[in-house]
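Coordinate analysis (summary)
For reference, the chains in residue letters:
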Amino acid sequence: MDILESIGSGLASIWSHKLRSALTLFGIIVGVAAVVAMTSFVGGIAGRIWEDFDKLGLDNVLFVANMRPMNPEGYAYLKASKGLSFEDTEILRAEVDEILGITPVVADYRVVRAGSEARRAEIFAATPDGFFLLKFILGQGRFLSDLDVENNARVAVLGEIVKEDLFGEADAVGENILIGDEHFHVVGVLRQKDFSDMFGGGGNEQREEHERVYIPITAGMHYISGTKRIAYFAVRLKKDADLATGYDKIHNTLLREHRQIEDFQIENVAEEILQARQQVQEIVNTWNGILSTIATVSLLVGGIGLLSVLIISVNERLREIGIRKAVGAENRAVFQQFLIESVTISVFGGLVGVGVGVGLTKLMSFGAQAMGQDIVIPVSGGGILLGLSFAIIVGVVFGLYPAIKASKLDPIEAISKHA
Amino acid sequence: MLIRTENLTKSYDLGAVEVRALRGVTLGIEEGEYVAIMGPSGSGKSTLMHIIGCLDTPSTGRYVLNGAEVSELKGRALARVRNKEIGFVFQNFNLLPRVDLVANVSLPLVYHGGIARGARREQAVKALEAVGLTHRLKHRPNELSGGERQRASIARALVNEPSILLADEPTGNLDQKTGREIMAILDELSKEGKTVIVVTHDSNVAAHARRIVEIEDGVIAREGRA
């Protein structure tokens, strides 16, 4: 028996018993549709959240800030340590392998003016590394450069909110601003990251970044703080670095440099992000669990339906089986024919299920957009593959017994049945 | 000798009773012979036909077909002998209802293996032409008369060019006129040199053969020239 003929025979048996096939296939269709739709849904939503996390740019980021020691002894010795310094960043960069990049930050609030517009803003003085460390996106102009730092250049990059407040729709790059009483030249404007609504549009982190004015660290020390004291460091660890090890090394190195006086604290943002990611992952896992339960139950139901229909089909076709055997069909050929028929029926159901699943996914996407959510749920190719594999497995597993039953029939008995 | 059986017996174990359908049949049939196996129902003639047709195996005794010992064969090997050596014609035609005549007739070629689809169709069409069904190739069995169906089943029996044509009550479901037409085809095949064995309880049908073997109570009761 040709495989093609067996497939044809399977399709013919679907066609000749339309209602029965529809009832049989219902479970398989629902199961496969559930797999496709849920995989797309969970994958789409989760994918979007992971993207937001990446945009946030705080993975593997630590902040080291100045802090007055809590204990009296430490307080007593405070004068023995100079606090966070530019040199500390050089030492950390050299000694801690886990560090990908580090920038000292001098930060203070000033009134910023442009023409007749003015607002208060955080003046964030850092090295050019800071921009890539925190994964800022450039809107117009350029970032700060090493040359700017070397030359104490009075140049500034504006957060998008500051830019809008001071310049509205007009171009800011090339214009001059006043920070306090000092003139600065605008060389660039940041662009806000495009977070999804699920992520609260990026939240406060996003606002903070864009309510700042960024200037070279040297200009910051010279014109803004007036001292060499650093407010904090922003550190990014390497992607595959162990967070705890990196944290400890930074802590220990700084302690040594500060004569064992803990006049700094490390804010472990990376750890918080990691935990937030894990929470999302747990939700995704829960959804995946629900998804697999629905899929398993409906495929089981579908499989049992398929099994009963195949048994009926074998009984209806005893004569056919007898004839085939009488003209020389081996058991194996009969087995193969019925198994292929079973898989044909289940794959047919699977394909319909994929269609329904894709439809459901589009509907969910449409529904989310209708409710004002800025989400497109992509149809998951993996989900389609998974759904179809389930259908094939159901066809094989539940077709096995009827196929064996058919193949083992005695041709004389089978042929004498008047079915 | 094409067919040689020695002391064939067949018993069925039906729980409490053991039914002895064949009780020692020794029979020889030469190539090209036209033989009728006769007997009332329950005589064991059907069992004998099933064993000769390799649909069943004897309980004891030997069966040599075309020089090969087939009484020892099982499952797969038996299926192969059926496919290559035997062409069955059944009382109730036994055609597949859902496919056309070409597909029905090419069925033995499908299980022969190694014959391409096109070649199978070609041979099936030729076999159908030989029994005068050229105009019915695309028809399904239920669109045909009884006589046409039986001619189609003869075409199927011959398509593999088997050593033996084994007809079980070939006219049983047909009216007299059509029955005579079918017997005429078998006569013609015999004349062409085919070995034809007809199993029947009808002496008019048996009369077409050149030799009649009568089975009663599981043994050969009489044997003679028609």
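Residues numbered from 1 in each chain as written. Chains lettered and ligands numbered in written order. Predicted model: local features only at pLDDT ≥ 70, side-chain atom pairs only at ≥ 80, totals over all residues. Heavy atoms only, no water.

A closer look at unusual backbone geometry
The phi angle at A:Gln260 is positive, at roughly 65°, despite the residue not being glycine. One can find A:Gln260 in the loop between α10 (243-257) and β10 (264-267). On the basis of relative accessibility, which here comes to 56%, the residue A:Gln260 falls in the exposed class. Within the chain, B:Cys54 stands out as a residue other than glycine whose phi angle is a positive 60°. Given a relative accessible area of 1%, B:Cys54 falls into the buried group. (Helix = DSSP H or I, 4+ residues; strand = E, 2+ residues; numbered from the N terminus. Buried < 20%, exposed > 50% of the residue type's maximum accessible area, 1.4 Å probe, protein only.)

Quick look at the packing of helix α3 (residues 101-112) of chain B against helix α4 (residues 117-130) of chain B
All names here are of chain B. Across the interface, α3 lies against α4 with an axial gap of 8 Å and an inter-helix angle of 120°. When you trace α3 past α4, the crossing you get is right-handed. Packed against α3, whose contacting residues are Leu101, Val102, Val105, Ser106, Leu109 and Val110, the element α4 presents Arg120, Arg121, Gln123, Ala124, Val125, Ala127 and Leu128 at the interface. In terms of residue class, the contact of α3 with α4 is made up of 9 nonpolar, 2 polar and 2 charged. (Axes fitted to C-alpha atoms, helices over the stretch in contact; angles between N-to-C directions. Left-handed = near helix turned anticlockwise from the far one by under 90°. Contact = heavy atoms within 4.5 Å. Nonpolar A, V, L, I, M, F, W, Y, C, P; charged D, E, K, R; others polar.)

Re the pattern of salt bridges
By the definition in use, this model includes 33 salt bridges over all chains. We note a salt bridge from A:Glu211 to A:Arg119, for which the minimum N-O separation is 3.6 Å. Taken together, the residues span a long stretch of sequence, with A:Glu211 in the loop between α8 (203-210) and β8 (212-216) and A:Arg119 in strand β3 (residues 117-126) at a distance of 92 residues. We classify A:Glu211 as partly exposed; its relative accessible area is 24%. For A:Arg119, a relative accessible area of 18% gives the class buried. Among the salt bridges present, the one from A:Arg142 reaches A:Asp148, with a minimum N-O distance of 2.8 Å. Taking relative accessible area as the criterion, A:Arg142 reaches 33% and is therefore assigned partly exposed. Salt bridges linked by common partners bring A:Arg317, A:Glu320, A:Arg324, A:Glu341 and B:Arg98 together as one network. (Salt bridge = Lys/Arg side-chain N within 4 Å of Asp/Glu carboxyl O.)

Concerning the side chain of B:Ser190
Its place among the elements puts B:Ser190 in helix α6 (residues 176-191). Excluding anything up to four places from it in sequence, B:Ser190 contacts B:Tyr34, B:Val196 and B:Arg210.

A few points about the nonpolar core
If you look at the biggest cluster of nonpolar residues, it comprises 47 residues, and the most contacted ones within it are B:Ile3, B:Leu48, B:Ile52, B:Tyr63, B:Leu65 and B:Ile197. Residue contacts for B:Tyr63: discarding those within four places in its chain leaves B:Ile3, B:Arg4, B:Thr5, B:Leu8, B:Ile51, B:Ile52, B:Cys54, B:Ala68, B:Glu69, B:Val70 and B:Ser71. Core analysis: the second largest hydrophobic core is formed by 43 residues, A:Leu92, A:Ala121, A:Leu243 and A:Ile250 among them. (Core = buried A, V, L, I, M, F, W, Y, C linked by side-chain atoms within 4.5 Å.)

Quick notes on the confidence of the model for chain A
Predicted coordinates in areas of low pLDDT are best not read in detail. Counting all residues, the mean pLDDT for chain A is 85, and 94% of those residues have values of 70 or more. Of all helices and strands in chain A, the one with the weakest mean pLDDT is helix α3 (residues 72-76) of chain A (62), whereas helix α14 (residues 381-407) of chain A scores best (93). (pLDDT = per-residue confidence, 0-100.)

Details of the layout of surface pockets
Taken as a whole, the largest pocket encloses approximately 1000 Å³ of empty space. For the largest pocket, the lining is made up of 47 residues, of which A:Arg324, B:Leu96, B:Pro97, B:Arg98 and B:Val99 are closest to its centre. Grouping the amino acids of the lining of the largest pocket by side-chain chemistry returns 20 nonpolar, 12 polar and 15 charged. (1 Å grid on protein atoms, 1.4 Å probe; cavity = no way out; pocket = protein on both sides within 12 Å on 5 of 7 lines; lining within 4 Å. Points joined across faces, edges and corners; volume = space filled by probe spheres on them.)

Quick notes on the sheet that holds strand β2 (residues 17-29) of chain B
All names here are of chain B. Across the sheet, which stays open at both edges, the 4 strands sit in the order β2-β1-β4-β5 with antiparallel pairing between neighbours. Two strands lie at the open edges of the sheet, namely β2 and β5 (68-69), each paired on one side alone. The sheet contact formed by strand β1 (residues 3-14) and β2 spans 10 bridges and is antiparallel. Residue Thr5 lies in a different strand from β2, and its bridge partner there is Leu27. Sitting on the sheet, helix α1 (residues 45-52) touches β1, β2 and β4 (60-65), and the angle it makes with β2 is about 60°. (Pairing = 2+ DSSP bridges.)

Considerations on the sheet that holds strand β7 (residues 164-168) of chain B
Residues and elements named next belong to chain B. On the basis of which strands lie adjacent, the open sheet formed by 6 strands has the order β6-β7-β8-β3-β9-β10 and mixed pairing. Looking at the sheet topology across the chains shown, the edges are occupied by β6 (86-89) and β10 (219-225). Pairwise comparison of adjacent strand axes, ignoring direction, gives a mean angle of 20° for this sheet. Across 4 bridges, the pairing between β6 and β7 is parallel. Note on β7: the bridge partner recorded for Phe88 is Leu166. On top of the sheet, helix α5 (residues 146-158) reaches β6 and β7; it is set at about 170° to β6, its chief contact.

Quick word on the pairing of β10(B)
All names here are of chain B. The sheet contact formed by strand β9 (residues 211-216) and β10 spans 6 bridges and is antiparallel. Bridge assignment links Glu214 to a residue of β10, and that residue is Arg222. The turn joining β9 and β10, which pair antiparallel and follow one another in sequence, is formed by 2 residues; a positive phi near 55° is taken by Asp217.

Looking at the environment of B:Glu223
Residue and element names in this part refer to chain B. Along the chain, the position of Glu223 falls in strand β10. Once the C-alpha coordinates of Glu223 and Val213 are considered, the two residues, 10 residues apart in sequence, prove to be 4.6 Å apart. Beyond its immediate sequence surroundings of up to four residues, Glu223 is in contact with Leu27, Arg211, Ile212 and Val213. Side-chain polar atoms of Glu223 contact the side chain of Arg211, separated by 2.6 Å. (Polar contact = N/O pair within 3.5 Å; in protein donor to acceptor, adjacent residues only side chain to side chain.)

A short note on the interface of chain B and chain A
Across the contact, 22 residues belong to chain B and 24 residues belong to chain A. Summing the contributions of chain B and of chain A, the shared interface buries around 2000 Å²; its carbon and sulfur component is 56%. Among the residues chain B hides against chain A, the three largest losses belong to B:Asn94, B:Arg98 and B:Tyr111. Together they make up 31% of the total. Summed over the shared surface of chain B and chain A, the result is 6 residue pairs in polar contact (both at pLDDT 80 or more). Breaking the side of chain B that touches chain A down by element, the ones donating at least two residues are α2 (75-85), α3 and α4 of chain B. (Buried area = accessible area lost by both parts, 1.4 Å probe.)

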